[in-house]
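Architecture at a glance
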Amino acid sequence: MGRYNYYKPLSLDDALALHDKIPGALFIAGGTDVMVKIVNGDIEPSALISLRSIPELSGIKENGSTRIGSMTTISELIEHPKLHKRYPVLIEAARRHSGPQIRNVATIGGNLCNCSPCADTATPLLVLDAKVRLRSIEGSREIPIEEFFKGPGETCLSSSEILTDILLDPPQREARAVFMKKGRVHMDLATASVAVLLEMEKNTCRRARLAAGSVAPVPLRLSQVEELLEGNIISSELLDRAREISSETVSPITDIRATEEYRRRIVGIYVRRGIERLLKK
Amino acid sequence: MTDFHYIGKETKRPAGPDKAAGKAHYIHDLVRPGMLFGKIKFSEHPHAHIKNIDISRAERLPGVKAVITAYNTPELRIGFLRDNFALKKDKVRQYRDEVAAVAATDPETAEEAIRLITVEYEPLPGIFSPHDALKDGAPLVHETDARGRARSDNVLPLRFHHESGDLEVGRSAASHSAEGEFSTPLVQQCCMGTAGCIAEFSMSNNLTIWAKTQIPFLAQRDFNRALSDMGLGGRNTRVIVPTLGGGFGSGLDTHTYEYIAILLAFQTGRPVKIVYTRDEEFAFLSPRQSTHTRIIQGCDSEGRLTFRHVEVLQDNGAYTSWGATYPSVMMLPATSLYRVPNVYFDSKLVYTNNTYCQAMRGYGNPELTWALESNMDELAGEAGIDPADFRMINCNEPGETTPMGLKVSTCGLKECLESVAEKLDWKKKHGKGKRRGVGMASLMHVGGSGRIYRSDASGLIIKLDDFGNANVYYGGIEMGQGLHTFLTQAVAEALGIRPENVIINPTDTGTCPWDVGTHASRGAFMAGNTAILAAEKLRRRIFEFAEELFPKEVAKNIKKLQKKDPDFKAPDFDVAAAAKRDRFELKDGFIFIKDAPAEGYMRVELGRLLRAIHFRNQGQMLTADVFYDPPNELPDFEKGYGNISATYAYGAQGAEVEVDTETGEVEIIRMAAAHDVGKVLNPQTLKGQIYGALAQGVGYALYEEIQSHEGRILNPDFRDYKIPGTLDMNFPIDLEFIETDDEYGPFGSKGVGEPGLVPTAPAIANAIYDAVGVRVHDLPITPEKILAALNKK
Ligand SMILES: Cc1cc2nc3c(=O)[nH]c(=O)nc-3n(C[C@H](O)[C@H](O)[C@H](O)COP(=O)(O)OP(=O)(O)OC[C@H]3O[C@@H](n4cnc5c(N)ncnc54)[C@H](O)[C@@H]3O)c2cc1C
């Protein structure tokens, strides 16, 4: 484990300026990914810049739409009095994120910026059409979350950019969503996970959003399945097809947690079960 | 034996508050003045010649006080077969082989120094499965044995074999038979406290080592031998055992890191601490052995077992620990679980270039019971008999002598099976299929210690102080299981004092009498028996002195009362005449005469009497020491015969499961467990033992496996090595204890430390079979294996 300096700037501008000045510096939020990587020798940052004391990054604000500060911890998401009613799918996923101790320090921003395909908050944010706001010395920009994930461990953040907020539109009254996660034991990184959002008009699906985790280099929108469902009556045949397409369109790997085939299978089953569950609601 | 004061009741853990408050001192917390930090450089190959080790850069790093290799230190041969070395010369045989080590002023410097050491290897072909190890022309893991004689194959020179009756007769008497092959993976003990030690030499070259061990006295012998190999013959080792964060068998051997700490401490003249990180613990500490078992059993048309044929192949890894004697315990269920007249048992252990293995809770029994109890269900299926009935037909009974010569004093197996069947609502639920099923499995285990060593003894000393406290010195290990809680109860009960007046001293070879080790579920059995013997000795001496001194103390009591109240009249009872040793009683810290009037002034506090014994001319202080070797035999393992334990523990567990046939997931709906424990000594610690073990059994059944590729461990952390957590154990466990009141056990009890995980995996597997009609033969039963089996169906 190498040595590094630790900085705790009090404003966003200071944080960005520090990062600009110190080559090899890395932002740290809750540290539950960063510290693991440092201890394992996977990364050797020259300095850690903590985002913890920057007021702009914390807090959840609501006025119709919702703005979640990137430094919001997973526990804060769960405990928030309104979020679980407005975006239950996000909270369902947050509850399946790690265990209580980790959730008390791990942040939603860190979960996204770490860009693991298994990030539990990513798939619900994908089906909720969330946007993220990024800030650099040059200024800030807002992009759909789908464009945020680029490849394994790679986001569209430049190394000197900070994710400041996650933005959610007001929930659609008719929209229902579920999150499903498969681990080897209850508390585990996902072997596969699925989030499904449906807006139904009687038996016809008006809008569908599906996303899957741990089955591709990035958290993945299942747009082919969405197309299949939208505008159609959801029949048993259509569900079979949705299951098939889901299994086919993902590109999982075999690793210590599961084989590629098993992940394909689970995604298909969860997509089908997720839709069925929503239809029953 | 029902009139107990403290036995059978919940008693506080003596170290509980300190542990909860972070005041208990684990090896991780200990610091010695001038202490250095040791770190080990492990091999980068599973099998290779060492061509060159360059330590020059590490030696030059500021803060580094010593860099050692096999080339600059005395050779220390270690291990059960002495086939291992503290540091490796010439050749490495597994990824975790120690090629060099450093001692530095801080852990970071030590780590950096390790990185600066470069080793040149010439890789050799390796063997990574026991089957490959047995092939003709397989590379040899060891070219010679410990005495330098050439070896011709990879088979260990250890024979555990049993034949009884006539297998052919048994085969021809069988109307049904079932054959199966079963395997178990490498699994880790997963102690919350990782391994570590501090070694320190005095100026006279005596060694003190703070060690995470379950065998302080065998360790002392091992370390003394190392001292002699270091040219320090005649010097002595003192082993001190700090608070342990779990043992589970990992402390039944001395370890290379301990010898390396000793070498570094000697070289630097300073205390040296080595503590494993979690990753190191997973990758460089020995796990439970993997096994392959082939089993065939037959029964007659009535369902009575007629024969059993068992062959076990074990992957020993590259070196040999005490764990290699697993078959000594496997023999027990193989020959003696259920009544079976004709038995064949054989085991083979082979060297490979995998990580070498050691003991873990159950010591071969979970491995064998996995095969045996799965196969019992297979055979019941062949015979068309309900598996619960089938087990009852063949159930062991008290008083029997088994084919291995085990003398069954008490046996509650029948009651355990009945309890589990009832709790699971067996008759209603079994055989219904539809993705829900129930299954059960039994177990037997040593319950009265287990003699696998020439001495199976424990000593115990009780030193009474001037205040009525009993200071206890005992060599058995508290490692979280609650031994000190029970020892407190046992001393209080047997001596007749309050638990708060029992003080259990730290385990230290310098002060405690010899003890073979805390293994074989013997902790409470031995602690209880020694405590009872020592207490009896003390009571005898206290009552002897009381004949003279007790009446004087009572007289003082009466005088005091008369001073306060001139009208006070003592009852008409001749204390002096009644003060005879066999008429005294000691209870709750007070001595009194059994048939005297039950008045406060007729009782004398123990401390006061002890002071009266001490503070007079030619006074005495009372100490009792005892040494107890239980009435069992060291079996002849090549013949597989001998009464290894004074008594045997029995039990049964059952599971109700639901299987998701799409995802392959198994959900445990509930479990039932019934254990013949002889006598419940402490309900809370007993439940803790069974729940904890059962959870380990669930992990063994469904989740746990050290995965490796060509000898390299792929999942050396809790992210990738999964044990069940509370949310996975979120189902009811219906627990019943059967009290058989065993004559050999202290207060009627039997050992129960290990049994709780022995039958768990086959009970779950049998339930899965009942639910979906498929049987997975290799643990753990993962969803993917279930799907594969369903596919084949
Ligand atoms: C025991 C354990 C269990 C876990 N279980 C789960 C689980 O079940 N599900 C799951 O999804 N994850 C899990 N994780 C992973 C981890 O906890 C999550 O990814 C967590 O949300 C990361 O948040 P953090 O605040 O700790 O990020 P950090 O580790 O502080 O940062 C992660 C990365 O993001 C960057 N970063 C953080 N914040 C910002 C920002 N605002 N702007 C720009 N860059 C930023 C950092 O530089 C770093 O590269 C687990 C981790 C552990 C140790």
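Residues numbered from 1 in each chain as written. Chains lettered and ligands numbered in written order. Predicted model: local features only at pLDDT ≥ 70, side-chain atom pairs only at ≥ 80, totals over all residues. Heavy atoms only, no water.

**Quick notes on the overall build of chain A**
Regarding its fold elements, chain A presents 12 helices and 14 strands. Computed over C-alpha atoms, the radius of gyration of chain A comes to 19 Å, within 12% of the 19 Å expected from 2.2 N^0.38 for 281 residues, which places it in the range of a compact globule. Each principal axis of the C-alpha distribution contributes one length, and for chain A these read about 60 × 45 × 35 Å. Within the span of chain A, comprising 281 residues, buried residues form 53% of the whole. For chain A, the share of sequence-separated contacts (at least 6 apart) that also reach a separation of at least 24 residues comes to 60%. Counting every atom, chain A has about 12500 Å² of accessible surface; 49% of that belongs to carbon and sulfur. (Helix = DSSP H or I, 4+ residues; strand = E, 2+ residues; numbered from the N terminus. Rg over C-alpha atoms; globule rule 2.2 N^0.38 Å. Buried < 20%, exposed > 50% of the residue type's maximum accessible area, 1.4 Å probe, protein only. Contact = heavy atoms within 4.5 Å. Areas by Shrake-Rupley, 256 points an atom, 1.4 Å probe, with all protein chains shown as cover.)

**Some thoughts on the confidence of the model for chain B**
Detail in the predicted coordinates should be disregarded across regions flagged by low pLDDT. Residue-level pLDDT values for chain B average 97, and 100% of them are 70 or greater. Of the two predicted TM-score estimates for the complex, the pTM is 0.97 and the ipTM is 0.95. (pLDDT = per-residue confidence, 0-100.)

**A few points about the domain arrangement of chain B**
Residue and element names in this part refer to chain B. Looking at chain B, the domain boundaries give domain 1 (31-124 + 210-265), domain 2 (162-172 + 180-186 + 287-452 + 634-792) and domain 3 (457-628). Listed per partner, the contact involves 20 residues of domain 1 and 22 residues of domain 2. Area buried by domain 1 at its contact with domain 2 is led by F80, Y95 and F248, which between them contribute 31% of it. If you look at where domain 1 meets domain 2, you find 0 salt bridges. Connecting domain 1 to domain 2 are 12 residue pairs in polar contact (both at pLDDT 80 or more). Looking at the side of domain 1 that touches domain 2, its residues break down into 6 nonpolar, 7 polar and 7 charged. (Domains from an automatic or database assignment. Buried area = accessible area lost by both parts, 1.4 Å probe. Salt bridge = Lys/Arg side-chain N within 4 Å of Asp/Glu carboxyl O. Polar contact = N/O pair within 3.5 Å; in protein donor to acceptor, adjacent residues only side chain to side chain. Nonpolar A, V, L, I, M, F, W, Y, C, P; charged D, E, K, R; others polar.)

**Describing the packing of helix α9 (residues 326-336) of chain B against helix α10 (residues 365-383) of chain B**
All names here are of chain B. Where α9 contacts α10, the two axes come as close as 8 Å, and the packing angle between them is 35°. Between α9 and α10 lies a crossing whose hand is right-handed. Counting all contacts with α9, which are made through Y326, V329, M330, P333 and A334, the residues of α10 involved are N365, E367, L368, T369 and L372. In terms of residue class, the contact of α9 with α10 is built from 7 nonpolar, 2 polar and 1 charged. (Axes fitted to C-alpha atoms, helices over the stretch in contact; angles between N-to-C directions. Left-handed = near helix turned anticlockwise from the far one by under 90°.)

**Thoughts on the site of the ligand**
All names here are of chain A. Around the ligand there are 31 residues in total, and F27, G31, T32, D33 and T107 lie nearest to it. A distance of 2.8 Å is found between an oxygen atom of the ligand and a backbone nitrogen or oxygen belonging to V34. A distance of 3.4 Å separates a nitrogen atom of the ligand from a polar atom in the side chain of S70. In the complex, the protein chains occlude 87% of the 980 Å² of accessible area that the ligand would expose alone. Elements represented by at least two residues in the shell around the ligand include exactly β2 (25-28), α7 (108-113) and β10 (162-168). Looking at side-chain class alone, the shell around the ligand contains 15 nonpolar, 10 polar and 6 charged residues. (Near = heavy atom within 4 Å.)

**Describing helix α3 (residues 107-116) of chain B**
All names here are of chain B. Taken together, the buried positions of α3 are occupied by T109, A110, A113, I114 and L116. With its buried residues spanning 160° around the axis, α3 presents them on a single face. Tucked into the core, α3 has its buried residues touching β1 (36-42), β2 (48-54), α2 (56-60), β3 (64-69), β7 (98-104) and β8 (118-123). In this structure D106 caps α3, since a side-chain oxygen of it lies 3.2 Å from the backbone nitrogen of E108. (Arc of directions from axis to C-beta.)

**Observations concerning the domain arrangement of chain A**
Interface size is commonly expressed as the accessible area that is lost once the parts come together. Taken as a whole, chain A is organised into domain 1 (5-50), domain 2 (55-168) and domain 3 (175-279). Computed over C-alpha atoms only, the centres of domain 1 of chain A and domain 3 of chain A are separated by 35 Å.

**Here's the deal with unusual backbone geometry**
Residues and elements named next belong to chain B. Residues L779 and P780 are joined by a peptide bond in cis, for which omega reads -10°. You can see P780 is positioned in the loop between α19 (760-772) and α20 (783-792). The residue Q618 is not glycine, and still its phi comes out positive at about 55°. The residue Q618 is located in the loop between α17 (606-614) and β26 (623-628) in this model. By relative accessible area, Q618 is classed as exposed at 72%.

**Section: the interface of chain B and chain A**
The interface of chain B with chain A comprises 23 residues on the first partner and 21 residues on the second. When the buried surface of chain B facing chain A is broken down by residue, E662, K722 and E784 of chain B rank first, second and third, together holding 31% of it. Between the two partners, chain B and chain A, sit 5 salt bridges. With a shortest N-O distance of 3.8 Å, K722 of chain B and D188 of chain A are connected by a salt bridge. At the surface where chain B touches chain A, the tally comes to 12 residue pairs in polar contact (both at pLDDT 80 or more). Taken together, the elements giving at least two residues each to the side of chain B that touches chain A come down to α3 and α20 of chain B. Residues of the side of chain B that touches chain A, tallied by class, amount to 6 nonpolar, 4 polar and 13 charged.

**Regarding the packing of α10 of chain B against α19 of chain B**
Residue and element names in this part refer to chain B. With their axes 8 Å apart at the nearest point, α10 and α19 run at an angle of 30° to one another. As judged from the angle between their axes, α10 and α19 are roughly parallel. Regarding α10 and α19, the two cross each other, and that crossing is right-handed. Contact residues: α10 offers T369, W370, E373, S374 and D377, while α19 offers A761, P762, A765 and N766. When its residues are assigned to classes, the contact of α10 with α19 shows 4 nonpolar, 3 polar and 2 charged. (Parallel < 35°, antiparallel > 145°, perpendicular 65-115°, else oblique.)

**Comments concerning the packing of aromatic side chains**
All names here are of chain B. This model, assessed by the stated rule, comprises 20 aromatic pairs over all chains. Relative to F718, the ring of F282 has its centre 5.1 Å away and its plane inclined at 80°; by these criteria the two rings are edge-to-face. Residue F282 is located in helix α8 (residues 278-284), and its partner F718 is located in the loop between β30 (712-713) and β31 (733-738); the two are separated by 436 residues in the primary sequence. Looking at F282, the relative accessible area reads 1%, which means it is buried. The class of F718 is partly exposed, set by a relative accessible area of 25%. (Phe/Tyr/Trp six-rings, centres within 6.5 Å; stacked < 30°, edge-to-face > 60°.)

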